[in-house]
Amino acid sequence: MLFDPRPKSRREEIFDREKELNSLLKGMEEYPITVLIGIRRVGKSSLLRVTLNEFDGLGLYLDARRLYASGGGTISPAVLVDEIRKILLGRGRFGFLSGIKLESVNLAGIKIKPKETTIIDIFELLNGLGEKFGRVVLAFDEAQYLRFYGPRGGKDLLAGMAYAYDSLPNLGFVFTGSEVGLLHDFIGIDDYSSPLFGRVYEEVEVKPFPRELSEAFLREGFEEVGLKVPEGEIKRAVDELDGIPGWLVEFGFNYWKSGSFERAMERTVERARAMIREELLELEKRSPRYSLILRAIAMGLSRWREVKDYVEAKSGPITNARLSALLKNLEKMGWVRKENREYRIIDPLVEKILKG
């Protein structure tokens, strides 16, 4: 059902993503590394899960945010090894083996002790399973959090992946990320200092729906649940929410349950406010000025000098270099984009809430 707010897992549950799904599937089948990018709430996790279920091999899904949270802000090698162990034994919370019955995976004799087993041991084990099942893909959702792996900012993990790239032909990796610039910085395929420098990879981008598809998505979703909604209300919803599937799903679900445009939009904004507040709190841990910059841009202060004046009025002097670095980071994290020397909030609902 299109208006089910949970992540999707079957092809028929997603709307108009055939091109992206097929590209991601091709990447899993043909490339050692595939990168799936897109802004928040655009549907990357659902697309990844669906593709892993379509994949003709072993697909293991890990949410790097969960690994980060369970480690209290770090990801230890033992935590990652233990999570993969749980997936292989069928006890992973989010991970799964796609297309393969667990009982057909012979794990007899495999001993994985998280504190003694290295990530290289795991990669070699997975490569061995790939000899039986054709290929194994290890997929990390929100992979930019892997930069908190170990004491060297994830470099040890990347070195292990570089070894797998060169020496383990049955093992591939998928990385997804909403903070696109940070994900690229972490993987470092274009960075000479990165262990993965120069490696060939496939990149798939998931974009928001254009207006026509956003309206079609809502129409089809309402038809699924037996509602006839006036065209004017569908257009108003897209005016407010743009083409971001996560918010369209939230609105459609709330309209279905309430029967009212106003109540549905109010509940959608309330839900968005709670989610965005948590995201802003996480940002403020890095620098309290991030929120000030975003509020300035949301208020229409879109030029660099206007943003600087606002931030200094609220929090005191800031150097040009520091402000530029913070703005660049917000671009990398997918909060803002720069067009014609002006900054814009990417998500219209984020902009609405920041103004509020």
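Above this text is the structure in question.
Every value quoted in this text rests on a predicted model; they were computed, and no experiment measured them.

Attention now goes to the overall build of the protein chain. Tallying secondary structure elements over the protein chain gives 15 helices and seven strands in all. Expressed as lengths along the three principal axes of its C-alpha atoms, the size of the protein chain is roughly 60 × 55 × 30 Å. Classification of the 356 residues of the protein chain by burial places 52% in the buried group. Long-range contacts, defined here as pairs at least 24 residues apart, represent 71% of the contacts in the protein chain between residues at least 6 apart. Roughly 16,600 Å² of accessible area belongs to the protein chain as shown, and the carbon and sulfur atoms make up 48% of that amount. Separation of charge centres in the protein chain, based on 56 positive and 55 negative side chains, amounts to 4 Å.

Turning next to the pattern of salt bridges. Side-chain pairing between opposite charges can occur once the charged atoms of the two side chains come close. This structure, assessed with the given rule, holds 32 salt bridges. In this structure, Arg65 engages Asp63 in a salt bridge whose closest nitrogen and oxygen atoms are separated by 2.9 Å. Assessed through its relative accessible area of 35%, Arg65 is described here as partly exposed. A relative accessible area of 13% places Asp63 in the buried class. One salt-bridge network, held together by shared partners, links Arg211, Glu215, Arg219, Glu231, Lys235 and Asp239.

Right, let's get into the sheet that holds strand 5 (residues 202-205). Strand order in the open sheet made by the five strands is 2-3-4-1-5, with parallel pairing throughout. Across the chains shown, the open sheet's two edge strands, defined by having one partner strand only, are strand 2 (58-63) and strand 5. The average undirected angle you get between the axes of adjacent strands in this sheet is 15°. Direction of pairing for strand 3 (residues 136-141) relative to strand 4 (residues 171-177): parallel, over a ladder of five bridges. Looking at strand 4, one finds that Leu138 is bridged to Phe173. Packed on one face of the sheet, helix 6 (residues 155-167) meets strand 1 (33-37), strand 3 and strand 4 and runs near 135° to strand 4. Contacting strand 1, strand 4 and strand 5, helix 7 (residues 180-187) crosses the sheet at an angle of about 165° to strand 1.

Rules used throughout
- Per chain, residues are indexed from 1 in the order of the written sequence.
- Where totals are concerned, whole chains, interfaces and linings use all residues; where local detail is concerned, this predicted model gives features only for residues with pLDDT of at least 70, and gives and counts side-chain atom pairs only at 80 or more.
- To get the side-chain values, all heavy atoms of the structure are used, and hydrogens and water are removed first.
- Secondary structure elements are defined from DSSP: runs of H or I of at least 4 residues count as helices, runs of E of at least 2 residues count as strands, and each element is numbered from the N terminus.
- Any residue under 20% of the maximum accessible area for its type is buried, any over 50% is exposed, and the rest in between are partly exposed; the area is computed with a 1.4 Å probe on protein chains only.
- Contacts are assigned to residue pairs that have any heavy atoms within 4.5 Å of one another.
- Using a 1.4 Å probe, accessible areas were evaluated by the Shrake-Rupley method; residue-level cover was limited to the displayed protein chains.
- Under this rule, positive means Lys or Arg and negative means Asp or Glu; His and the chain ends count for nothing.
- Positions of charges follow a simple convention, taking NZ of Lys, CZ of Arg, CG of Asp or CD of Glu.
- By salt bridge we mean one thing: a side-chain nitrogen of Lys or Arg within 4 Å of a carboxyl oxygen of Asp or Glu.
- Pairs of strands are assigned from DSSP output, requiring at least two bridges between the strands.
- To get an axis, a line is fitted to the C-alpha atoms, and for a helix only the part in contact is used. The angle between two axes follows their N-to-C directions and goes from 0 to 180 degrees.

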